[in-house]
Structure formats: structure tokens, C-alpha cells
Amino acid sequence: MTILVTGGAGYIGSHVVTVLLAAGRKVVVLDNFCNSDPSVVERLERITGCPVPLVHSDVRDRERVADTLRRFGVDSVIHFAGLKAVGESVSKPIEYYGANIQGTISLLEAMQSEKVGQLVFSSSATVYGDPGYLPIDESHPTSATNPYGRSKLHIEEMLKDVALASPSWKIVCLRYFNPVGAHASGLIGEDPAGIPNNLMPFVAQVATGQRSFLRVFGQDYPTSDGTGVRDYIHVMDLAEGHSAALRFVADHPGWNAINLGTGRGTSVLEMVSAFERASGRPIPHEVVDRRPGDIASCYADPTLARQLLGWQATRGVDDMCSSTLAWQKNR
Ligand code: NAD
Ligand code: WQD
């Protein structure tokens, strides 16, 4: 049977496609290319040697999604399609609720009409807000401080209701911490348009001379070196976690939320040092004021993923940096 990967031309979705195809699964990608390039699909075929059927559509086009489910004999869906920039969501809440919440509702309506009940949803550690304790386990209270995080939270709650309504639904919400890195081929990776908001693509652009220096947003946090601490997880570890989640969801009706993180915190300056080791070059940087809305520390308790999915992250910070650099050079 086939897996529908919505947003499969995007950063995380494309890496998941490589893992699924390598595991002998069939996939079909649906994407509107609002934040990715159609050439990713050809590159996926080059990397895997497998065909990657593509449906160029918005996930909100319910009829198109239903037709895709039917035509390709889809039995499971991984739902990546959506908008994800926190800052942008504050200035464009209607666009974010439309793409993320309306998009998910359209997908659910299509799945219901075609009797497809297995869903893995891309959620985010952002649903934990400012952590009350660390490491963060799945019982940690959830909250949102921006429209993007609120859209994720609303979707998780919606999916809980859907799963309660009928035992035919089998739903897992994967709460990603900070995905970074790239496929070993150097052919796919994080490809942000314009000035990167996230740390890793920005550091990569400094390392390759595209940008002159990194602004470190604050060095007065209560952390080991005063800079922000995050749980960076290699995108290939994340991708393998999705493959494990698909196996889990096939046998587990209901709703589950599972963290995908390493359980380790890395500070900004530690990541800069790791990148300097990977590139063999200094990363010029300057400490500036904190970025509004940033939290001091955030890292996962990954116990539940190990217990339920038999999965844990294996790749370290050095691989995250070297694979990011190789991709940036190829870009
Ligand atoms: P991305 O922007 O690279 O990928 C999203 C893909 O979905 C893109 O190819 C885009 O063109 C497509 N898309 C967006 N809206 C669509 C729509 N309405 N119809 C069809 N296609 C649409 O983002 P990503 O980093 O790969 O993230 C994938 C998912 O994971 C998102 O839902 C995001 O919220 C979530 N997530 C990402 C991170 C992260 O740091 N990257 C962390 C936690 C959760
Ligand atoms: C990491 C650290 C910054 C850039 C975001 C979203 C979250 C999720 C993952 C979707 C922080 C510091 C950053 C820079 C810096 N996305 N930094 N200089 O903010 O943890 O999470 O991406 O779900 O929702 O909020 O990631 O990479 O932006 O920042 O010093 O130029 O790097 O202060 O401590 P963040 P990030």
C-alpha cells in the first residue's frame, strides 16, 4: 500500500521520503510548492532510484486529495504540508490558520470519505510553550504564544476529538524539537528563502561566506554559557522516527503524542564551535540583544519514543554540522 506525504517536497518531508523508499514503501507526494522547489522530487528519484509520483496541489483542495488517496491506493498519510515561521505567523495569522488548520480539516474530510484512517501529524515542541520543567515529556502542559504554535495545538486537540469519534482513526502527533542537518548525498536539505530565521541555515551561510557574521541573540540566559539551549535533532534521525511511527500507527487505534528529540541540549555557542570544527573556519559572531519570544532552554525527554516506537536518535552534532555544510555548498 502507499503513503501520501503532504508537503513531501519540503525540508523534513523530502528526507522522510528517502527513508520510506529505502524501506521498500511506496509513496506519493502532494505539494503546492509555496515553500519548496519541484526539482526536489527529481532529486529524490536520483537519491533513491525509485519513482516518486507527484500531485501538484494545495492540501485544501479536498477533491484533489480524495482523488489522490483513491488513485494511489493510499493507506496512511504523513501530513507535513503547512506554514511554519513563528514570526511570520504573528503578522499573518489568517494565512497560518488557513494553511494549517483548514488544510488539516480538508485532509481529514478526504481521508474520511476514502476510508483512510492512519495519520502521522507534524507537530512541534512549540506546543510546550516556555518549559515549566526539563527535560520535557509528553505530559508537560501545552500552551501557545503565537499563531503558529496555536495552530499546532488546535490541530492536536482536533485530532484527539476525531480519534475519539471513531475507532477507525489511528493518529500519532510527532512533536519535533529542532530539526537540522541534511541527507548524506548533499542533494536535499533545508532551503529557506531569503534571510534564514533559524540558527543552523544562518550559520551555514556564514560558513560559506554568503553572510558576514552571526548575531547571537542574547548571552544572559540561565544556561551553561548564557546562550539559548535547544534539542537539535538530525533530520535523518527524525525521518527514521517517522518510519517507526508509521509502523506503530498501523496497530494502535486512537491518538498519541510523541516527542522526537535527542534528549540533549546544545547552546548556540556550542553549535557555533561544532560548525567551526566541521568547516575548519571561524564563524564570526557578535552577541546582540535577546530575540523577542525566545526561551532559554528546551530539550526533550525521548523515553516514550523509545518505548512505543523502538526509536532513538543516533546522530551527533558534528554530523548535523558536516551534512548541513555539504548541502549549503551544493545549494
Ligand atoms: P517546509 O516549509 O520545508 O515544508 C513544508 C512543505 O509543505 C513545503 O514543501 C510547502 O511547499 C508545502 N506546503 C505548505 N503549505 C501547503 C499547502 N497548503 N498545500 C500543499 N503543500 C503545502 O517545512 P518543514 O521544515 O519541512 O516542516 C514540515 C512540517 O513540520 C511543518 O508542518 C512544520 O510546522 C513542522 N515542523 C517543522 C519544524 C522545523 O523546525 N523545521 C519543527 C517542528 C515542526
Ligand atoms: C535556536 C537558537 C536562538 C538564529 C524555531 C521555532 C519552532 C520550530 C523550530 C517549527 C535560539 C538562536 C537563532 C540566529 C541565534 N519550528 N539564534 N541567532 O527558535 O528554537 O525554534 O524552529 O515548529 O517553532 O520557534 O529555533 O533556530 O530560530 O533558534 O542566536 O540568527 O539559536 O535565539 O536560542 P527555535 P532557532
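Up top is the structure.
These notes cover the structure that comes with them. (Residues numbered from 1 in each chain as written. Chains lettered and ligands numbered in written order. Predicted model: local features only at pLDDT ≥ 70, side-chain atom pairs only at ≥ 80, totals over all residues. Heavy atoms only, no water.)

**Here's the deal with the environment of arginine 60**
And then number 1: Assignment of secondary structure puts arginine 60 in the loop between strand 3 (54-56) and helix 3 (62-71).
And then number 2: Exposure remark for arginine 60: the relative accessible area of 36% places this residue in the partly exposed category.
And then number 3: Not counting chain neighbours up to four residues away, the residues in contact with arginine 60 comprise Gly98, Ala99, Gln102, Gly103 and Ser106. (Helix = DSSP H or I, 4+ residues; strand = E, 2+ residues; numbered from the N terminus. Buried < 20%, exposed > 50% of the residue type's maximum accessible area, 1.4 Å probe, protein only. Contact = heavy atoms within 4.5 Å.)

**Brief notes about the pattern of salt bridges**
And then number 1: Within this structure, the stated rule accounts for 15 salt bridges.
And then number 2: A salt bridge links aspartate 67 to arginine 71; its shortest N-O distance comes to 2.9 Å. Taken as a pair, aspartate 67 and arginine 71 lie in helix 3 at a separation of four residues, close to a single helical turn.
And then number 3: When its relative accessible area of 51% is taken as the criterion, arginine 71 is described as exposed.
And then number 4: Residues arginine 175 and glutamate 156 are paired through a salt bridge, measuring 2.5 Å at the closest nitrogen-oxygen approach. Of the two residues, arginine 175 is situated in strand 6 (residues 170-176) and glutamate 156 in helix 6 (residues 147-165); the sequence distance between them amounts to 19 residues.
And then number 5: Here arginine 175 falls in the buried class, since its relative accessible area comes to 4%.
And then number 6: Ionic contacts of the salt-bridge type, sharing partners, join the residues Asp67, Arg70, Arg71 and Glu114 into one network. (Salt bridge = Lys/Arg side-chain N within 4 Å of Asp/Glu carboxyl O.)

**A word on the side chain of aspartate 231**
And then number 1: Note on placement: aspartate 231 falls in the loop between strand 9 (229-230) and strand 10 (232-234).
And then number 2: As a buried residue without a salt bridge, aspartate 231 has its nearest oppositely charged side chain in arginine 264, at a separation of 6.6 Å.
And then number 3: For aspartate 231, the side chain forms a polar contact with the main-chain nitrogen of alanine 300, separated by 3.0 Å.
And then number 4: Those residues within four positions of aspartate 231 in sequence are excluded, and the remaining contacts are Phe177, Asn178, Gly261, Thr262, Gly263, Arg264, Cys298, Tyr299 and Ala300. (Lys, Arg positive; Asp, Glu negative; His and termini not counted. Polar contact = N/O pair within 3.5 Å; in protein donor to acceptor, adjacent residues only side chain to side chain.)

**Comments concerning the sheet that holds strand 4 (residues 74-79)**
And then number 1: The strand order 3-2-1-4-5-6-11 describes an open sheet built from seven strands, whose pairing is parallel. Lying at the two open borders of the sheet, with one neighbouring strand each, are strand 3 and strand 11 (254-260). Going from strand to strand, the sheet's axes swing by 20 degrees on average, the running direction of each strand aside.
And then number 2: Sheet analysis places strand 5 (residues 118-124) next to strand 6, joined by seven bridges and oriented parallel. Residue pairing in the sheet places serine 122 in a bridge with leucine 174 of strand 6.
And then number 3: Sitting on the sheet, helix 6 touches strand 5, strand 6 and strand 11, and the angle it makes with strand 5 is about 155 degrees. (Pairing = 2+ DSSP bridges. Axes fitted to C-alpha atoms, helices over the stretch in contact; angles between N-to-C directions.)

**Things to note about the site of ligand 2**
And then number 1: As a structural note, the neighbourhood of ligand 2 is formed by 18 residues, with Tyr148, Leu199, Arg215, Arg230 and Asp294 the closest of them.
And then number 2: Contact distances for ligand 2 include 2.5 Å between an oxygen atom and a side-chain N or O atom of tyrosine 148.
And then number 3: Residue arginine 215 places a main-chain N or O atom 2.8 Å away from a nitrogen atom belonging to ligand 2.
And then number 4: Surface burial for ligand 2 is 87%, taken as the share of its 690 Å² of free accessible area covered by protein chains.
And then number 5: In terms of residue count, strand 8 (residues 214-217) provides more of the shell around ligand 2 than any other element does, four residues in total.
And then number 6: Counted by class, the shell around ligand 2 contains eight nonpolar, six polar and four charged residues. (Near = heavy atom within 4 Å. Areas by Shrake-Rupley, 256 points an atom, 1.4 Å probe, with all protein chains shown as cover. Nonpolar A, V, L, I, M, F, W, Y, C, P; charged D, E, K, R; others polar.)

Read these as geometric descriptors, not functional statements.
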